[in-house]
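Breakdown of the fold
This is what each chain is made of:
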Amino acid sequence: MAAAAKAAPKLVVRTFNKINAAGLSRFDPSMFQIKEDNNDGAHAILLRSHKLQAGDVPLMCRSIARCGAGTNNCNVPLMTDLGVPVFNTPGANANAVKELALCGLFLASRGVMEGATRMEELHQSGEAHAQIEKVKAQFGGRELAGKTLGVVGLGAIGAAVLKAALDLRMEVVGFDPALSVDAALKLPGHRIRIVDSLEDLAKASDYISLHAPSNEHTNGMISTQILSQMRTDACILNFARGELVDEAALAHHFDNGGSGRYVCDFAVGPELSPRSNVIVLPHLGASTDEAEENAAAMAADTTALYLQTGTIRDSVNFPTTTLPARLDTVQRVCVVNENRPGMLGEILSVFGNAGINIVQQINTSKGDVGYNVIDIERLSTFDDVHFKSWDALQFLLTSLDGVKSTRYIYGTPASAKHAGYAVNFKGQVYGIGSVGGGPTLPSFGELLDEA
Ligand SMILES: NC(=O)c1ccc[n+]([C@@H]2O[C@H](COP(=O)([O-])OP(=O)(O)OC[C@H]3O[C@@H](n4cnc5c(N)ncnc54)[C@H](O)[C@@H]3O)[C@@H](O)[C@H]2O)c1
Ligand SMILES: O=C(O)[C@H](O)COP(=O)(O)O
């Protein structure tokens, strides 16, 4: 009887959080294996809001994709140091968040929550019909038309929110000190006013809607100083991140005459809850079927493309890199290195010294990261003997001072020789080997603990 064919090893994608199944189905099952419950051998991670620890990231992991916009739940600087790109899915959930931010505007301007709660009580006590016309006076509100919305952060979500606000006949002011040219071109510039400071936005607004990322520049941006510039009855909508608001300052503002509402999508601290003018939702912004599928599909496509070809798009820490298709006759070597003078020469000399011909070479960079993709001529007999020499070559490359990680892409995807992985961790080279082979490797967390 003929021996059963050995199954080809696959690229392993570890998921955290429940990732939309239709999105995950973009991974070709003949090449990728999805693991929901353990990190073993993961070459890539897909996650939503899970707070990623170094221990979650196996040494073989070469890609982290956030199915969503905010990457503040991943330690991006650490991943950059380790030579691992972090991807996100720009705009994939923008419509979902826009719709909930609009809902936030209505919740802030009308007594929807309080009125509904009161009606529930009256139904329980059997007084609903008798009391309804009497109680409504307690829950009146104001209209949005003619009021001013201040939008902080004019990216995918901010732009969608401000366009919807214009349709509600609101005035719009915007603030975004880091606005990209692409994003600026998508704004209806003649219908909105862009201001140069958050103070100016605060002074002008009846509602402030936050759509900036959470980082060291934005955390606490709604501060005592900004609150002091706001109109007494101005409302704040926060569908970005809880960290953007200094909660103690906001509580102080409410305790000292601030009569607006705070509608937010994140748990708040004891200073703000419970308060009748604070409405908290359980991080629902991106939780629609459509957004979950969009984000998962985009993350899956970006991850598969990077693992299979080295192409980089939508990375928050690595340079966008468009690559020509790899010819069957070449082996692709991807090197992540410090972005400094001399590195490219040192990398190329490893090939020159080994007598290997370079077919093409592409170099891109972003901040401290240099990314070199080098297509080299394959030997005509590419067998196990040669593979050992490729391992040695990868060892030399990865050992270079300033090289963070290296990866080979060659052969047929999902064949035993699809990719070699190596990482230079604090001067030590780990993880040489092909997909699916080799011993179980530690996680970056374990290495960090040892260091
Ligand atoms: N509630 C949710 O479920 C949910 C869903 C998606 C996104 N978000 C949050 O919303 C944020 C924005 O998402 P997006 O898709 O619009 O991202 P985006 O990258 O398209 O837009 C963010 C915008 O903020 C701007 N910005 C940066 N620093 C700023 C500052 N100091 N002041 C004002 N603007 C600043 C950037 O220039 C950019 O234009 C995400 O980072 C995420 O934290 C929340
Ligand atoms: O940054 C994001 O995209 C949102 O906060 C969505 O997070 P979630 O995917 O965990 O809902």
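A few points on the structure.

Conventions adopted
- Residues numbered from 1 in each chain as written.
- Chains lettered and ligands numbered in written order.
- Predicted model: local features only at pLDDT ≥ 70, side-chain atom pairs only at ≥ 80, totals over all residues.
- Heavy atoms only, no water.
- Axes fitted to C-alpha atoms, helices over the stretch in contact; angles between N-to-C directions.
- Helix = DSSP H or I, 4+ residues; strand = E, 2+ residues; numbered from the N terminus.
- Parallel < 35°, antiparallel > 145°, perpendicular 65-115°, else oblique.
- Left-handed = near helix turned anticlockwise from the far one by under 90°.
- Contact = heavy atoms within 4.5 Å.
- Nonpolar A, V, L, I, M, F, W, Y, C, P; charged D, E, K, R; others polar.
- Pairing = 2+ DSSP bridges.
- Buried < 20%, exposed > 50% of the residue type's maximum accessible area, 1.4 Å probe, protein only.
- Phe/Tyr/Trp six-rings, centres within 6.5 Å; stacked < 30°, edge-to-face > 60°.
- Near = heavy atom within 4 Å.
- Polar contact = N/O pair within 3.5 Å; in protein donor to acceptor, adjacent residues only side chain to side chain.
- Areas by Shrake-Rupley, 256 points an atom, 1.4 Å probe, with all protein chains shown as cover.
- Patch = residues over 30% accessible without salt bridge, like charges linked within 9 Å, V, L, I, M, F, W, Y side chains within 5 Å.
- Salt bridge = Lys/Arg side-chain N within 4 Å of Asp/Glu carboxyl O.
- Lys, Arg positive; Asp, Glu negative; His and termini not counted.
- Charge placed at Lys NZ, Arg CZ, Asp CG, Glu CD.
- Core = buried A, V, L, I, M, F, W, Y, C linked by side-chain atoms within 4.5 Å.

1. Some thoughts on the packing of helix H3 (residues 94–109) against helix H6 (residues 156–167)
Two elements in contact, H3 and H6, have axes whose closest approach is 9 Å; the angle formed by their N-to-C orientations is 45°. Here H3 lies oblique to H6, going by the angle between them. Read as a crossing pair, H3 and H6 show a hand that is right-handed. On H6, the residues that touch Ala 94, Val 97, Lys 98, Ala 101 and Leu 102 of H3 are Ala 156, Ile 157, Ala 160, Val 161 and Ala 164. Residues belonging to the contact of H3 with H6 are distributed by class as follows: nine nonpolar, no polar and one charged.

2. Some points on the packing of helix H4 (residues 112–124) against helix H5 (residues 128–135)
In the contact formed by H4 and H5, the axes pass within 9 Å of each other and the chain directions differ by 150°. Put simply, H4 runs roughly antiparallel to H5. Viewed along their axes, H4 and H5 form a crossing whose handedness is right-handed. Residues Arg 118, Met 119, Leu 122 and His 123 of H4 touch H5, and the partners they reach there are Ala 128, Gln 131, Ile 132 and Val 135. Tallied by class, residues from the contact of H4 with H5 come to five nonpolar, two polar and one charged.

3. Some details on the sheet that holds strand S7 (residues 171–175)
Across a sheet, strands are paired by hydrogen bonds formed along the backbone, either parallel or antiparallel in direction. Taken in spatial order, the seven strands of this open sheet run S8-S7-S6-S9-S10-S11-S12, and their pairing is parallel. Of all the strands in the sheet, the pair left with one neighbour each is strand S8 (193–194) and strand S12 (278–280). In this structure, strand S10 (residues 235–238) lies alongside strand S11 (residues 262–264), joined through three bridges in parallel fashion. Its bridge partner lying in S11, Leu 237 is registered against Val 263.

4. Comments concerning the pairing of strand S3 (residues 44–47)
Burial along S3 is two-sided: the residues Ala 44 and Leu 46 and Ile 45 and Leu 47 are all buried. Strand direction decides the pairing type here: strand S1 (residues 11–15) and S3, joined by three bridges, are parallel. Within S3, the position partnered with Val 13 by the bridge is Ala 44. Note that S3 and strand S4 (residues 63–66) share four bridges and pair parallel. Across the sheet, the residue bridging to Ala 44 is Ser 63, located in S4.

5. A short note on the packing of aromatic side chains
Under the criterion given, the structure shown has six aromatic pairs. Ring geometry for Tyr 306 against Tyr 371: centres 6.5 Å apart, planes inclined by 40°, an arrangement best described as tilted. Placement of Tyr 306 in helix H11 (residues 289–309) and of Tyr 371 in strand S15 (residues 369–377) is noted, with a sequence separation of 65 residues between them. Judged by its relative accessible area of 2%, Tyr 306 falls in the buried class. Judged by relative accessible area, Tyr 371 falls into the buried class, the value being 0%.

6. A word on the site of ligand 2
Around ligand 2, the neighbouring residues are Arg 48, Ser 49, Arg 66, Cys 67, Gly 68, Ala 69, Gly 70, Asn 93, Arg 241, His 283 and Ala 286. At a separation of 2.9 Å, an oxygen atom of ligand 2 approaches a polar side-chain atom of Asn 93. Within the side chain of His 283, a nitrogen or oxygen atom sits 2.7 Å from an oxygen atom of ligand 2. Against a free-state accessible area of 320 Å², the protein chains account for coverage of 90% of ligand 2. Here the shell around ligand 2 is composed, by residue class, of three nonpolar, five polar and three charged.

7. Overview of the sheet that holds strand S13 (residues 330–338)
In spatial order, the strands read S14-S15-S13-S16-S17-S18; together these six strands make up an open sheet with antiparallel pairing. One side of each edge strand has no neighbouring strand; the edge strands of this open sheet are strand S14 (358–366) and strand S18 (428–430). The sheet shows a mean angle of 15° between the axes of neighbouring strands, direction not considered. Here strand S16 (residues 403–409) runs beside strand S17 (residues 419–425); their pairing, made up of five bridges, is antiparallel. Across the sheet, the residue bridging to Ile 409 is Ala 419, located in S17.

8. A short note on a negative patch on the surface
A cluster of acidic residues, Glu 99, Asp 289, Glu 290 and Glu 293, forms a negative patch on the protein surface. By residue number, the principal contributor to the negative patch is H11, which donates three residues. Along the chain, Glu 290 turns up in helix H11.

9. Observations concerning the site of ligand 1
Near ligand 1, the surroundings consist of 28 residues, among which Ala 156, Ile 157, Asp 176, Phe 239 and Asp 265 are the closest. Note that an oxygen atom of ligand 1 is positioned 2.9 Å from one of the backbone N or O atoms of Ile 157. Protein coverage of the free-state accessible area of ligand 1, which is 860 Å², stands at 85%.

10. Focus: the nonpolar core
Ranked by internal contacts, the top residues of the largest apolar core, which has 33 residues, are Phe 27, Phe 32, Leu 46, Leu 307, Tyr 371 and Tyr 421. Among the elements of the structure, S1, S3, H11, S13, S15 and S17 are those that each provide at least two residues to this core.

11. Focus on the environment of Asn 339
On the secondary structure map, Asn 339 appears in the loop between S13 and helix H12 (343–353). Exposure remark for Asn 339: the relative accessible area of 40% places this residue in the partly exposed category. Sequence-wise, Asn 339 and Ile 19 are 320 residues apart; in three dimensions their C-alpha atoms are separated by 34 Å. Residues within four places of Asn 339 in sequence aside, it is in contact with Ser 365, Gly 367, Asp 368, Val 369 and Gly 370.

12. Structural notes on unusual backbone geometry
Across the junction of Ser 273 and Pro 274, the peptide omega takes the value 0°, indicating a cis bond. Mapped onto the secondary structure, Pro 274 falls in the loop between S11 and S12. With a phi close to 65°, Asn 17 is a non-glycine residue in the positive phi region. Looking at the secondary structure, you find Asn 17 in the loop between S1 and helix H1 (21–24). Taking relative accessible area as the criterion, Asn 17 reaches 39% and is therefore assigned partly exposed. In this structure, Lys 426 is a non-glycine residue whose phi angle is positive, near 50°. Position of Lys 426 relative to the elements: it lies in the loop between S17 and S18. Judged by relative accessible area, Lys 426 falls into the exposed class, the value being 62%.

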